[in-house]
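# Descriptive structure summary
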Amino acid sequence: MNDKSNKYISPYLGGFLLGLLLLVTFFITGRGLGASGATKSTVVTVVDAVSHSHATESAYYSKFISDDKHPMNTWLTFEVLGILAGAFLSGALAGRVRFKTEHSPKITSKTRLLAAAGGGILFGFGSQLGRGCTSGAALSGMATLSTAGFVTMLAIFGTGFIVAYFFRKLWI
Amino acid sequence: MGPLIPQEIIDPQWNSVIALLIGMAFGFILESSGFSSSRKLAGVFYGYDFVVLKVFFTAAITAALGLYYFDYAGWIDGDLLYINPTYLTGAIAGGVVMGIGFVLGGFCPGTSTCAAAIGKIDGWVFWGGMLVGVFIFSEFFPLLQEAYTSNALGPIRVYESLGLNASTFIMILIVVALAAFYVASMIQKKIRPKRVEF
């Protein structure tokens, strides 16, 4: 195969580097990596701005609102801004930065975007119910050998394999 | 000596700067490994690309082994690490919903951020979808609270749940990972040549 994927680094090297980064992150901060936390901070911030009373009366938003700290001022928000910058840097160095909607040649861009929106809604919902996503709950949890990490990982990927058949037209 | 910030060996006011730097390394590694492409990510579910399995499992083993060793060597105080608590119902139900979202949308939160960073419109749309999903969850929280908090088992470890000791479990995990890498490479060899390149 001589396709574009040759420009990516070896997945084992990538995994090793990611594991080292996770280790360093625990060594410095005592916690792992994450991503979905930033979506929560964003939603809390917007809802709080639109209706402060609704946010403070809500059993969920109110957990993340305090008087001395802006709801956007969280570790994970800064970390996710870092992800944006770091991924852009990597993509720019490899010549992968361009506006496009990536999809299987068998579906249209519109189908892909609808599927991405639907997948995002489910992932956003599920990450709150499961207290974290693939990064924060599954990967970081597995690093500390937490039961939650392994259960979340098995639930995400197990379900993925079970339902993959029904979504195959989107991908193959 | 570690973890550094909880023991204030590094002043907590550096938190945001450190978060930004760690995030940059995180994004760089994910993007370089191909995690900005939904078609590569979804490949794990159809057997044509196992980058997710290889990166994810290698990272988990490296970090788990490293943390175990750091603790053993006394370089990090394991009691100060954050162990995400297990809420069994939420973890399973949330994982199921995320699993469907993964196959449908082709991303997870971190990878869609990487995709968005290099200009993938579908990455931005997935991110927008996540905000809507979080909003729906939050608005319906009173109805979901029961599922969210039930079966709380605390910050338990998987080896305790299985009745093993930590080192045995890590050993098993490594063997399972190596077997999975081998099987994955066999499957990919069979399936990949049939596919058009992307």
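## Examining the overall build of chain B
A tally of helices and strands in chain B yields nine helices and two strands. Listed by position from the N terminus, the elements making up chain B come as α-α-α-β-α-α-α-α-β-α-α. Taking the principal axes of the C-alpha coordinates as reference, chain B spans close to 50 × 45 × 35 Å. Taking all 198 residues of chain B together, 51% fall into the buried category.

## Examining the overall build of chain A
For chain A, the count of helices and strands is seven helices and zero strands. From first element to last, N terminus to C terminus, chain A shows the α and β order α-α-α-α-α-α-α. Sorting the 172 residues of chain A into buried and exposed places 57% on the buried side. Residue pairs in contact within chain A that sit at least 24 positions apart in sequence constitute 48% of those at least 6 positions apart.

## What to know about helix α4 (residues 75-93) of chain A
With 19 residues, α4 of chain A should cover 27 Å at 1.5 Å per step; its first-to-last C-alpha distance of 27 Å lies within 8% of that length. After α4 of chain A finishes, the residue Gly 95 of chain A shows a positive phi value of roughly 70°.

## Some words on the packing of helix α3 (residues 51-73) of chain B against helix α9 (residues 166-191) of chain B
All names here are of chain B. Relative to each other, α3 and α9 sit at 160°, their axes nearing to 10 Å. Taken together, the axis directions place α3 and α9 in an arrangement best described as roughly antiparallel. By crossing handedness, the relation of α3 to α9 is classed as left-handed. Counted together, Leu 53, Lys 54, Phe 57, Ile 61, Ala 64, Leu 65 and Tyr 68 of α3 and Ala 166, Ile 170, Leu 173, Ile 174, Ala 177, Ala 180, Phe 181 and Ala 184 of α9 form the full contact between these two elements. Looking at the contact of α3 with α9, its residues break down into 14 nonpolar, no polar and one charged.

## A word on the interface of chain A and chain B
Contacts between chain A and chain B engage 108 residues on the former and 117 residues on the latter. Elements that contribute at least two residues to the side of chain A that touches chain B include exactly α1 (11-29), α2 (36-50), α4, α5 (109-129), α6 (134-143) and α7 (147-163) of chain A. Partitioning the side of chain A that touches chain B into residue classes produces 60 nonpolar, 37 polar and eleven charged.

## Regarding the packing of α4 of chain A against helix α5 (residues 109-117) of chain B
Relative to each other, α4 of chain A and α5 of chain B sit at 50°, their axes nearing to 8 Å. In terms of their interaxial angle, α4 of chain A and α5 of chain B are classed as oblique. With respect to the hand of their crossing, α4 of chain A and α5 of chain B are arranged in right-handed fashion. Side by side, α4 of chain A and α5 of chain B meet where Val 80, Ile 83, Leu 84, Ala 87, Phe 88 and Gly 91 of chain A of the first sit next to Gly 110, Thr 113, Cys 114 and Ala 117 of chain B of the second. Of the residues that constitute the contact of α4 of chain A with α5 of chain B, the class distribution is seven nonpolar, three polar and no charged.

## A few points about the confidence of the model for chain A
Summary statistics for chain A give a mean pLDDT of 94 and a share of 97% for residues scoring 70 or more. This stretch, residues 1-5 of chain A, has a pLDDT under 50; its non-local contacts, to residues over four places away or in other chains, come to three contacts.

## Regarding the nonpolar core
Counting residues in each nonpolar core, the largest one holds 109 residues, and the members touching the most others are Ala 143 of chain A together with Ala 60 and Ala 64 of chain B. Among the elements that make up this core, the one with the highest residue count is α3 of chain B (13 residues). Contacts of Ala 64 of chain B, omitting those with residues within four sequence positions, involve Met 142, Ala 143 and Leu 145 of chain A together with Ile 170 and Leu 173 of chain B.

## Describing α5 of chain A
Compared with an ideal rise of 1.5 Å per residue, which puts 21 residues at 30 Å, α5 of chain A spans 30 Å between its outermost C-alpha atoms and is within 8% of the ideal. The first or second residue beyond α5 of chain A is Arg 131 of chain A, which carries a positive phi of 55°.

## Observations regarding unusual backbone geometry
Peptide bonds are trans in most cases, and residues, glycine excluded, mostly fall at negative phi. A cis amide bond links Gly 2 of chain B to the next residue, Pro 3 of chain B, at an omega of -5°. By secondary structure assignment, the location of Pro 3 of chain B is in the segment before α1 (15-32). Unlike most non-glycine residues, Leu 145 of chain A shows phi in positive territory, near 60°. Structurally, Leu 145 of chain A is set in the loop between α6 and α7. Even without being a glycine, Glu 8 of chain B presents a positive backbone phi close to 60°. On the secondary structure map, Glu 8 of chain B appears in the segment before α1. Owing to 8 C-beta atoms within 10 Å, Glu 8 of chain B belongs among the exposed residues under this scheme.

Calculation notes
Residues numbered from 1 in each chain as written. Chains lettered and ligands numbered in written order. Predicted model: local features only at pLDDT ≥ 70, side-chain atom pairs only at ≥ 80, totals over all residues. Helix = DSSP H or I, 4+ residues; strand = E, 2+ residues; numbered from the N terminus. Buried ≥ 20, exposed ≤ 12 C-beta atoms within 10 Å, placed from the backbone. Contact = placed C-beta atoms within 7 Å. Expected span 1.5 Å × (residues − 1). Axes fitted to C-alpha atoms, helices over the stretch in contact; angles between N-to-C directions. Parallel < 35°, antiparallel > 145°, perpendicular 65-115°, else oblique. Left-handed = near helix turned anticlockwise from the far one by under 90°. Nonpolar A, V, L, I, M, F, W, Y, C, P; charged D, E, K, R; others polar. pLDDT = per-residue confidence, 0-100. Core = buried A, V, L, I, M, F, W, Y, C linked by C-beta atoms within 7 Å.

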